[in-house]
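Given next are the chains, with one letter for each unit.
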Amino acid sequence: PPIGGREGERFQTRLSSLWRGSEELRFRTLYASGTALKGFICSDLITVGKYASLAPFGCITEVEGILDGQGVAGFGPSGHGDRKGFELPPVFKALANVSGEHGSLGVPVPHPTFSFLCDAKGGELQLGGFDRSAVSSPPVSVASLSATSYVVPITGMSVGSTRILDFAANASQHGPRPYVGGILDSGATCVCLPDETLGGKLTKSPWRELMGIISQSARGGRGEGLRVEIDGRVAVEIPVNVWLTSVQSLRGCPAKQCPHGDIVLGDWFFQAALVKIDWLQDGVGISIASRALNYTLRTQAATHPSHTSVPVSKVYPSRPPNAYDWRPPALDRVALEDKDRVALLVPVDIGWPPQRFKLVFDTGSSFFGVLTVPTHRVLLGKSEARDHVHKMHAALKTGGATDPEKLSFSSPGLLVVLVAVAMVTSVFLSVWVRRRRRGGGR
């Protein structure tokens, strides 16, 4: 088992033979909840489940506000580069070898796909595809409305015969099927509904309509399932014992301070549906399926059956698994731990030898960072990174660097590039990383 990683411990850069970084390369990420994370950009081996890749991430040294885990594992897409076209790639882009630049170090996810779902006790992250036994029918592809967030068109929402989304007669004048954007955010506790008509697009406030139904239920009225229609192609029924129980047990649920008038689909939705995300070269594909009622999520004990402390020298070879020598199963199911119904935590190993941490699983952002012991180690110079990034960018534009090994995350050259990229984009990340998050979310 990995060293370190116990609750309250931080990543220790001095224990990893693969760590690269410099405290001169600072970042600050601000969340809509008011939490601010500060630290420096570094690079190391990231392992989730059976898959691993070298990737840049945030070494968090300061937290202002509340952080529910030992860091954040952002699995959201990215599209935030600086004016020179540079971009800090999301960790899953490296983990799944979306760019085709993975070297021999680590084992990438064989298919650039992940799926997730949850229940009242936890969740499950499926890497490399989806478990067919987890769904009642095959996932249906729906429209993806954003390059920077997982947003789908919600074309209907109702409880029984009562419409929560009641579109105005002229709402379809710009298209055959009116909709409201729905953000798929694993960091949202329940749902967020707009408390407005969205400029006349709706006849009434969705939030007030649902609150009226909740009041009737509190007076002894019969509760019914919450039906959500996506893109006019797939409908998900959220059982009344899921959504109404959540309302009764969580303060401020449902929320109404929604970003940009969108609906935020959180914990309620993922208890009733499996969401499948396909990372493509030109964007992301989103598919949704209703969850099979008899499906049992993988538990933390099954994901990591042993936590016995064993001397590192007796457990780990001098180097991590080689991508060309070892092939794990195509689909890996990773248990997500429930954190007081506020967050889902994913176990992540960082460094070599690996140190294990529980990070907040977050599809609402692409930021990936772990609490880190402050260090004065400098394994990449600031000026060297600045000079080298321009040379590497020119080579990539002209096609001069096409050898996968030369571009792999295991090469020092690309590590320099990644750290420099992180440096020039950190400001942009702090502005953009929470654009699609609901205010006050977890």
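The paragraphs below set out a description of the structure included in this document. (Residues numbered from 1 in each chain as written. Predicted model: local features only at pLDDT ≥ 70, side-chain atom pairs only at ≥ 80, totals over all residues. Heavy atoms only, no water.)

For the structure shown, the criterion picks out 3 disulfides. The residue that forms a disulfide with C42 is C59, at a sulfur-sulfur distance of 2.1 Å. Judged by the torsion about the S-S bond (95°), the C42/C59 disulfide is right-handed. Of the two residues, C42 is situated in strand 2 (residues 36-48) and C59 in strand 3 (residues 51-64); the sequence distance between them amounts to 17 residues. The burial state of C42 is the same as that of C59; both residues are buried. Ordinal numbering of bonded cysteines along the protein defines a disulfide pattern of 1-2, 3-5, 4-6. (Disulfide = S-S within 2.5 Å. Helix = DSSP H or I, 4+ residues; strand = E, 2+ residues; numbered from the N terminus. Buried < 20%, exposed > 50% of the residue type's maximum accessible area, 1.4 Å probe, protein only.)

Glancing now at the packing of aromatic side chains. Inspection of every chain in the model, using the stated rule, returns 16 aromatic pairs. Between F114 and Y150 the ring centres are 6.4 Å apart and the planes differ by 65°, which places this aromatic pair in the edge-to-face class. Of this pair, F114 sits in strand 5 (residues 113-118) while Y150 sits in the loop between strand 7 (140-142) and strand 8 (151-159), placing them 36 residues apart in sequence. Across this residue pair, the class does not change: F114 and Y150 are buried. Between F269 and F270, the ring centres sit 6.0 Å apart and the planes meet at 80°, which makes this aromatic pair edge-to-face. You'll find F269 and F270 in the same group, each marked buried. Here the aromatic residues F75, F92, F114, F116, Y150, F269, F270, W279 and F361 are joined through ring pairs into a cluster of three or more. (Phe/Tyr/Trp six-rings, centres within 6.5 Å; stacked < 30°, edge-to-face > 60°.)

A word on helix 2 (residues 206-218). Look at helix 2: 19 Å from first C-alpha to last across 13 residues, which is about the 18 Å you get at 1.5 Å a residue. Listed in full, the buried residues belonging to helix 2 are P206, W207, L210, I213, I214 and S217. Buried residues of helix 2, seen end-on, are gathered within an arc of 125° and therefore sit on one face of the element. Buried residues belonging to helix 2 abut strand 8, strand 9 (162-163), helix 3 (240-249) and helix 4 (267-272). G220, located one to two residues past helix 2, shows a positive phi value of around 105°. (Expected span 1.5 Å × (residues − 1). Arc of directions from axis to C-beta. Contact = heavy atoms within 4.5 Å.)

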